[in-house]
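An overview of the molecular structure
One-letter residues, chain by chain:
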Amino acid sequence: MPRLSGRRGCRLVSFLTHIDTMSHKLRLLIPGLAAIRLNKIASRCLGWIPIALSTCLKRWFDKPVLTPTRRGEGLTTNGEGFFCPCVLNSGLRSRFATKSDLSKHGRFWTAGFKICSKPIYLAAAVLLLPGCSGAQAVPVAGDGDPSKIVVVATIPVLADLARNVGGSLVEVHSAVPPGADAHSYQTTPGDSVIISQADLTISNGPGGPGGPGGPGLDDFLIPVFQSARPEHALHVVASDGLDTRSQKGDPHFWQDPLLAIHYVDQIRRGLAQADPGNAGQYWEQAQHYTARLQKLDKEIAGLLDQVPPDHRILITHHQAFAHLAQRYGWQTLALAPGDAGSVTPEAILKVSQKVKNAGLPSVFVEPRFRSSALEQVARDTGTRVSPIYAGLGGEINTYVEMMQYNARSLADNLR
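Conventions adopted
Residues numbered from 1 in each chain as written. Predicted model: local features only at pLDDT ≥ 70, side-chain atom pairs only at ≥ 80, totals over all residues. Heavy atoms only, no water. pLDDT = per-residue confidence, 0-100. Contact = heavy atoms within 4.5 Å. Buried < 20%, exposed > 50% of the residue type's maximum accessible area, 1.4 Å probe, protein only. Helix = DSSP H or I, 4+ residues; strand = E, 2+ residues; numbered from the N terminus. Arc of directions from axis to C-beta. Salt bridge = Lys/Arg side-chain N within 4 Å of Asp/Glu carboxyl O.

So, about the confidence of the model for the protein. When pLDDT is averaged along the protein, the result is 73, and 61% of the positions lie at 70 or above. Contacts of residues 1-9 to residues separated by more than four positions or lying in other chains number 24 contacts, the stretch itself having pLDDT below 50. Of the regions scoring below 50 in pLDDT, residues 209-213 engages in 11 contacts with residues more than four places distant in sequence or in other chains.

Taken together, the buried positions of helix α14 (residues 372-381) are Ala 373, Leu 374, Val 377, Ala 378 and Thr 381. Viewed end-on, α14 has its buried residues packed into an arc of 145°, placing them on one side of the element. Facing away from the buried surface of α14 by more than 90 degrees, the exposed residues are Ser 372 and Arg 379. Buried residues belonging to α14 abut β11 (313-318), β12 (331-336), α13 (345-358), β13 (362-365) and β14 (384-387). Directly beyond the C-terminal end of α14, a positive phi value near 75° is found at Gly 382.

For helix α7 (residues 156-166), a buried count of 9 out of 11 residues is recorded, marking the element as mostly surrounded by other parts of the structure. For α7, the set of buried residues is Pro 156, Val 157, Leu 158, Ala 159, Asp 160, Leu 161, Ala 162, Val 165 and Gly 166. Trailing α7 by a residue or two, Gly 167 shows a phi angle of about 60°, which is positive.

All right, on to the environment of Leu 314 then. Among the structural elements, Leu 314 can be located in strand β11. Accessibility expressed as a relative area gives 2% for Leu 314, which makes it buried. It is 8.1 Å that separates the C-alpha atoms of Leu 314 and Leu 410, two residues lying 96 residues apart in sequence. With sequence-adjacent residues up to four places away left out, Leu 314 is seen in contact with Phe 321, Leu 324, Trp 330, Gln 331, Thr 332, Leu 333, Phe 364, Ile 388 and Leu 410.

In total, this model carries 6 salt bridges according to the counting rule given. Linking Arg 269 and Asp 265 is a salt bridge whose minimum nitrogen-to-oxygen distance equals 2.9 Å. Here Arg 269 and its partner Asp 265 are both found in helix α10 (residues 257-274), 4 residues apart, which amounts to about one turn of the helix. Here Asp 265 falls in the partly exposed class, since its relative accessible area comes to 28%. Between Asp 297 and Arg 327 there is a salt bridge, with its nearest N and O atoms 2.7 Å apart. One end of the pair, Asp 297, is in helix α11 (residues 279-304); the other, Arg 327, is in helix α12 (residues 322-328), with 30 residues separating them in the sequence. Owing to a relative accessible area of 8%, Asp 297 belongs among the buried residues under this scheme. Each of Asp 265, Arg 268 and Arg 269 takes part in salt bridges that share partners, so that together they form one network.

Structural data, given as structure tokens:
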């Protein structure tokens, strides 16, 4: 039997997930093909097809011939047909099974792959789907230097911290891309493929709405990470050890550079455990970056000291800067309670009154959000809307850049 092992096996999984990614917004399930999606318009027109063809097609896909393999042996097929990806429930949404799933479960049924004895329907589907979307090929982690440790973080800020600690020894990916809204991001099969290659994964941890131990901003990704990452991979919760009871409802601990240093130490410990042979280099790089963050803390304090004391009030759309305010002795008020909650008329009135009473020259919004409510507050109070960042994206590529930009924006617009 021909064998697809190692990176070749992973690339096959990547090809299969590419089919789903190209049609990510499409939603039509045909028994046997089990992961073909058509968009809402097409599904309204063709929604009757699964019902009409269910009985007719069932007999064509009743002989899976994927041979189960042991861990490390890769994917094996007898060459009699085409791979037909099936949906595996990750706990939040359906996704393709990955090589990791095959290794863990060892059976084609739970691994989510089978061969179609009559490949013509799958072949037609493969030819049809690329025309439905302009999606790019799914990236595969580890295509570079195989000696590097593969790190997958939930959000871009954590990925940047990991790059600074790991340096040239690591290959770092972020599940949520820069500029995307972490509160509403929908994972793709390509994310699972990358996670399945990880040696170390990193999440932010709890501290969101609901208080101590409440759901964090990346908690929705945890089931995806748990189901996709290989058994050997280690997991680091960056906020472990912090008092999550402080600044209730705000999980953006990195807005305080001293708390970001705690993140750095957590990541350094995880890398040292995943790659003991280079523990000394991780320690040196973490110490160098820690010194940079300590310097950053002083830079921010110097910029914010330029703002008159009665203007040291940060008004934003959602609560993401409570730790920044606590660190530098500011006040903060958000239209949306907790982390990206809904805005009420009462909240608009409260914020407007605060702006008027303090005579604030500006309110602030993240560029990725368009807050009509905050724009209304600005119009009603005669103030301007200025930019601020809670995460990476747009012109902001690193954590240090983000914190410097925010400090300058506050100093320039509130003086």
